[in-house]
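Residues per chain are reported as follows:
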Amino acid sequence: MQRFSAFSIIRRGLTGNESWRPQWRRASPKASYDAIIVGGGGHGLGAAYYLAKEHGLTNIAVIEKGWIGGGNTGRNTTIIRSNYLFDESAALYDHSVKLWEDLSQVLNYNVMFSPRGVMMLAHNVHDIQVLKRHVHANRCNGVDNEWLSAEQAKEFCPPLNISPDIRYPVLGAALQRRGGTARHDAVAWGYARAADALGVDIIENCEVTGFQKDAHGAIEAVQTTRGLIRTKKVGVSAAGNTSVVLGLAGVSLPLESFPLQALVSEPIKPAFPCVVMSNTIHAYISQSDKGELVIGAGTDAYTSYTQRGGLHINTHTLDAICELFPMFRRMQMLRNWGGIVDVTPDRSPIIAKTPVPGLYVNCGWGTGGFKATPGSANVFAWTIARDEPHPINAPFTIERFRDGFLIDEAAAAAVAH
Amino acid sequence: MLLIQCPYCGPRPELEFAYGGQAHIARPLKPADLNDDEWAAFLYMRVNTKGVHAERWRHARGCNRFFNALRDTTTDHFLAVYKTGEARPALNTAGGHS
């Protein structure tokens, strides 16, 4: 691997930048691997990296039906936070935030993690009660979160309109200062490059078409559009397509796939210092380093695999953005797009073994999987390598829906998130 | 925005409708007789079809009635609508979006 540093940039720059090599190999499938990850997004590439790095499994491959980072990893609004209500969630998401903090150094790849603060707005008495409850629960779990008055919120984010006469006035906010954003493409590329350097094969344009099981029902091979690949362990990280992939192995899941849309504005000079979220009026906004306002909406109402949704969803979000930040009213939006998110009934993920021996699944991240990329990949790798969950992901099973141990962040936040 | 054919009112914009999820999930007649797996399947497991999906819609801002629809989730085209209680219609396999 060619390490990146200021010195290497200057040295190669002075010699015409002709000595750079591709950051990872264009691998073709071998006949067999010790483990295969299905899905080349951040979660899957990260799992491959941690399998090689922390568990010594280097004869492994990531297979991706399209190109790496082309699904939800490249389609999200890059918000990172860990201010979830329940103990299980706080442990999982904060594990991830801690890994984000030095991820650029660990991967030798600038993922542009920017802990600029995530502020969640309260617009009514219920919001205040819910967010204050989150603040207290988070602090009990060692997760930073603090309550701000409307005036303090405006001080932290000057564009915010705290006028009392708007339809949903800002009554206060919860602020997680360790939260922020990162560059989503760089996360996929950084993990891919680091995994490749450890010997992991990254195989694009390779779609799973079936699973082959042995006499005991355990996985023994994966059928793909690029041939049969033998392996005893398969980890599926396929986001919105998880139901389809696991359906090929006869496993049903409590998932529904919805379109989730986002949009960006024309680029402007730095004007917006943090991330602001409003669950109540469905608006999520930050400014990228390129200058675009990055805006996230809620999901469309119906299940779909189309990677697009209705324009009225975006319009609704922009109504909210314009009321909260009047200075953006005359800005033009450049692009909008959709991704397909797999949502569980309790809005918490599943990172677990499946009823099929050798088949593992990391799914159900719904509308908020990007923030969890390093933590989820890390504990998923553990689960695959040791055939048992890490203590952090032990509660996130499929069986919790049968046994009644929901991790009900849906009820805690009253919205998908 | 989808244009949805209410079987009672005709074509109306999606904003008038509420989505009701997977169709033909009948509430068990004797819930107490179900074991935990069966109860979880009823409550939580969904087909999440990539392709033709039978689903419920309610014309919430119109006649307020539930009905069922077949929609291709890879294109969002509606292939058929039918009233609650009717059997899922067979589709003409030659295709064609109505």
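Since the model is a prediction, treat every value here as computed from it, not as a measurement.

The rules behind the values
Throughout, a residue's number is its position along its own chain's written sequence, starting from 1. Going through the entries in the order they are written, you letter the chains from A and number the ligands from 1. Residue-level local features of this predicted model are given only where pLDDT is at least 70; pairs of side-chain atoms are given and counted only at 80 or more, and the full residue set underlies all totals for whole chains, interfaces and linings. The side-chain values count all of the structure's non-hydrogen atoms but skip hydrogen atoms and water molecules. In this description a helix means any DSSP run of H or I spanning at least four residues, a strand means any run of E spanning at least two, and both kinds are numbered starting from the N terminus. Only C-alpha atoms enter the radius of gyration, while the globule expectation follows 2.2 Å times N to the 0.38, with N the number of residues. Here the term buried applies to any residue with accessible area under 20% of the maximum for its type, exposed to any over 50%, and partly exposed to those in between, with areas from a 1.4 Å probe on protein chains only. Residues are treated as being in contact if the distance between any of their heavy atoms lies within 4.5 Å. In this description, accessible areas are obtained by the Shrake-Rupley approach with a 1.4 Å probe, and a residue is regarded as covered only by the protein chains that are shown. Positive: Lys, Arg. Negative: Asp, Glu. His and the chain ends are not part of the count. Charge coordinates come from a single atom per side chain, which is NZ of Lys, CZ of Arg, CG of Asp or CD of Glu. One less than the number of residues in a helix, times 1.5 Å, gives the span that helix is expected to have. Pairing between strands requires that DSSP locate at least two bridges from one strand to the other. The axes are straight lines fitted to the C-alpha atoms, using for helices just the contacting stretch, and the angles between their N-to-C directions are given from 0 to 180°. Each aromatic pair joins two rings of Phe, Tyr and Trp (for Trp, the six-membered one) with centres within 6.5 Å, and gets the label stacked for planes under 30 degrees apart, edge-to-face for over 60, and tilted for any other angle. Criterion for a charge above a ring: Lys NZ or Arg CZ within 6 Å of the ring centre, and within 35 degrees of the ring normal. The criterion is simple. A nonpolar core is a set of buried Ala, Val, Leu, Ile, Met, Phe, Trp, Tyr and Cys residues joined through side-chain atoms within 4.5 Å. In this description, buried area is defined as the sum, over both parts, of the accessible area (probe of 1.4 Å) that is lost when the two are combined. The rule for a salt bridge is simple: a side-chain nitrogen of Lys or Arg has to be within 4 Å of a carboxyl oxygen of Asp or Glu. Counting of polar contacts relies on pairs of N or O atoms within 3.5 Å, with two restrictions inside protein: one atom must be capable of donating a hydrogen and the other of accepting it, and residues adjacent in sequence are counted only when both atoms are side-chain atoms. Should an angle fall under 35 degrees it is called roughly parallel, over 145 degrees roughly antiparallel, and 65 to 115 degrees roughly perpendicular, with every other angle called oblique. If you view the pair so one helix is near and one far, a crossing is left-handed when the near helix is turned anticlockwise from the far one by less than a right angle, and right-handed when it is turned clockwise. Here the nonpolar group is Ala, Val, Leu, Ile, Met, Phe, Trp, Tyr, Cys and Pro; Asp, Glu, Lys and Arg are the charged ones; every other residue, Gly included, is treated as polar.

Colleague: It is not clear to me how the overall build of chain A should be interpreted in this structure. Could you clarify?
Modeller: Of the regular secondary structure elements, chain A holds twelve helices and 19 strands. Taken against the 2.2 N^0.38 rule, which gives 22 Å for 417 residues, the C-alpha radius of gyration of chain A at 21 Å falls within 12% of a compact globule. Within chain A, the fraction of its 417 residues that count as buried is 59%. Restricting to contacts in chain A with at least 6 residues of sequence separation, those with at least 24 account for 75%. Entry remark: accessible area of chain A is about 16600 Å², with carbon and sulfur atoms responsible for 53%. Side-chain charges in chain A split into 39 positive and 37 negative, and the spacing between the mean points of these groups amounts to 5 Å.

Colleague: What's the story with helix H3 (residues 87–101) of chain A in this structure? I'm lost.
Modeller: Two residues of an α-helix separated by three or four positions point the same way, owing to the 3.6 residues in each turn. Under the 1.5 Å per step criterion, the end-to-end length of H3 of chain A is 21 Å for 15 residues, consistent within 8% with the ideal 21 Å. Restricting attention to buried positions, one finds in H3 of chain A the residues Ser 89, Ala 90, Leu 92, Tyr 93, Asp 94, His 95, Ser 96, Val 97 and Trp 100 of chain A.

Colleague: How should I be thinking about the sheet that holds strand E16 (residues 293–299) of chain A in this particular structure?
Modeller: Two pairing modes exist for strands in a sheet, parallel and antiparallel, and in both the strands are linked by backbone hydrogen bonds. Residue and element names in this part refer to chain A. Reading across the sheet, the eight strands line up as E5-E6-E4-E14-E15-E16-E13-E17 and stay open at both edges, with mixed pairing between neighbours. In this open sheet, the two strands that pair with only one neighbour each are strand E5 (146–149) and strand E17 (333–343). On average, each strand axis in the sheet is tilted by 25 degrees relative to the strand beside it, whichever way the strands run. Here strand E4 (residues 118–122) runs beside strand E6 (residues 172–176); their pairing, made up of five bridges, is antiparallel. Of the residues in E6, the one forming a bridge with Met 119 is Leu 175. Sheet strands in contact with helix H9 (residues 311–324) are E4, strand E13 (256–265), strand E15 (283–287), E16 and E17, and its direction is about 125 degrees off that of E16.

Colleague: Help me out: how do you make sense of the packing of aromatic side chains in this one?
Modeller: The description of two aromatic rings rests on the distance between their centres and on the angle between their planes. Residue and element names in this part refer to chain A. Counted by the stated rule, this structure contains 19 aromatic pairs over all chains. Judged by centre distance (5.0 Å) and plane angle (70 degrees), the rings of Tyr 49 and Tyr 50 are edge-to-face. Of the two residues, Tyr 49 and Tyr 50, neither departs from the other in class, the shared state being buried. Considering the side-chain rings of Tyr 84 and Tyr 93, the 3.8 Å spacing of their centres and the 5 degrees angle between planes classify their relative orientation as stacked. Judged by relative accessible area, which is 3%, Tyr 93 ranks as buried. Note that Arg 12 overlies the ring of Trp 20, its terminal NZ or CZ placed 4.8 Å from the centroid. Above the face of the Tyr 168 ring, Arg 167 is positioned so that its terminal group lies 4.3 Å from the ring centre.

Colleague: How should helix H7 (residues 184–197) of chain A be read in this particular structure?
Modeller: Residues and elements named next belong to chain A. Helix length check: H7 (14 residues) gives 20 Å between terminal C-alpha atoms against 20 Å at 1.5 Å per residue, within 8%. If you check which residues of H7 are buried, you get His 184, Ala 186, Val 187, Ala 188, Gly 190, Tyr 191, Ala 192, Arg 193, Ala 194, Ala 195 and Asp 196. Just beyond H7, the residue with positive phi is Gly 199, at close to 105 degrees.

Colleague: Just checking my understanding: could you explain the nonpolar core for this structure?
Modeller: One broad rule of soluble globular proteins: the nonpolar side chains tend to lie buried together. Residues and elements named next belong to chain A. Formed by 47 residues in total, the largest nonpolar core has its most connected members in Leu 45, Trp 100 and Tyr 191. In this structure, Tyr 191 is in contact with Gly 42, Leu 45, Gly 46, Tyr 49, Tyr 50, Leu 103, Leu 107, Thr 373 and Pro 374, ignoring residues within four places of it in sequence. Counting 31 residues, the second largest nonpolar core, distinct from the first, contains Ala 27, Phe 211, Val 234 and Ala 352.

Colleague: Sorry, what's going on with the interface of chain B and chain A here?
Modeller: Each partner contributes residues to the interface: chain B has 23 residues there, and chain A has 25 residues. Approximately 2000 Å² of surface area, both sides summed, lies buried where chain B meets chain A, with 57% of it carried by carbon and sulfur atoms. Sorting the residues of chain B by area buried against chain A places Tyr 44, Asn 48 and Lys 50 of chain B first, and these three jointly supply 34% of that buried surface. Viewed at the interface, chain A and chain B are joined by one salt bridge. Where Asp 37 of chain B meets Arg 402 of chain A, a salt bridge forms, and the shortest distance between an N and an O atom there is 3.9 Å. Across the chain B-chain A interface, the total number found is ten residue pairs in polar contact (both at pLDDT 80 or more).

Colleague: Looking at this structure, how should I read the environment of Met 333 of chain A?
Modeller: Residues and elements named next belong to chain A. Mapped onto the elements, Met 333 comes out in strand E17. C-alpha of Met 333 to C-alpha of Ala 372: the two residues are 39 residues apart in sequence and 28 Å apart in space. Leaving out residues up to four positions away in the same chain, Met 333 has contacts with Leu 263, Val 264, Ser 265, Ile 295 and Leu 318.

Colleague: What am I meant to see in the sheet that holds strand E19 (residues 359–363) of chain A here?
Modeller: Residue and element names in this part refer to chain A. Across the sheet, which stays open at both edges, the six strands sit in the order E8-E2-E1-E12-E19-E18 with mixed pairing between neighbours. Bordering the open sheet on either side are strand E8 (201–203) and strand E18 (350–353), each of which pairs with just one other strand. On average, each strand axis in the sheet is tilted by 15 degrees relative to the strand beside it, whichever way the strands run. Judged from the three bridges that link them, strand E1 (residues 35–38) and strand E12 (residues 234–236) form a sheet pairing that is parallel. Bridge pairing links Val 38 to Val 236 in E12. Along the sheet, helix H2 (residues 42–55) makes contact with E1, strand E2 (60–63), E8 and E19, crossing E2 at roughly 175 degrees.

Colleague: Teacher, can you tell me more about the packing of H2 of chain A against H7 of chain A here?
Modeller: A pair of packed helices is captured by two measures, namely the crossing angle of their axes and the spacing between those axes. Residues and elements named next belong to chain A. Contact geometry of H2 with H7 gives a least axis separation of 8 Å together with a crossing angle of 25 degrees. In terms of orientation, H2 and H7 fall into the roughly parallel class. Of the two elements, H2 crosses H7, and the hand of that crossing is left-handed. Across the interface between the two elements, Gly 42, Leu 45, Gly 46, Tyr 49 and Tyr 50 of H2 pack against Ala 188, Tyr 191, Ala 192, Ala 194 and Ala 195 of H7. Per-class residue counts for the contact of H2 with H7 are eight nonpolar, two polar and no charged.

Colleague: Please explain the environment of Leu 293 of chain A as it appears in this structure.
Modeller: Locating Leu 293 of chain A in the fold gives a position in strand E16. Looking at Leu 293 of chain A, the relative accessible area reads 0%, which means it is buried.

Colleague: Mind showing me how you'd approach the pattern of salt bridges here?
Modeller: Oppositely charged side chains are able to pair whenever their charged atoms sit close together. All names here are of chain A. All told, the structure shown has 18 salt bridges over all chains when counted by the stated rule. Across the pair Asp 185 and Arg 183 runs a salt bridge, and its minimum N-O distance is 3.4 Å. With a relative accessible area of 34%, Arg 183 lands in the partly exposed category. For the salt bridge of Lys 353 with Asp 387, the shortest nitrogen-to-oxygen distance reads 3.6 Å. Residue Lys 353 is found in strand E18, and its partner Asp 387 is found in the loop between helix H10 (373–386) and helix H11 (400–403); the two are separated by 34 residues along the sequence. Assessed through its relative accessible area of 35%, Lys 353 is described here as partly exposed. Among the ionic contacts, a cluster of salt bridges with common partners joins Asp 94, Lys 98, Glu 101, Asp 144 and Arg 178.

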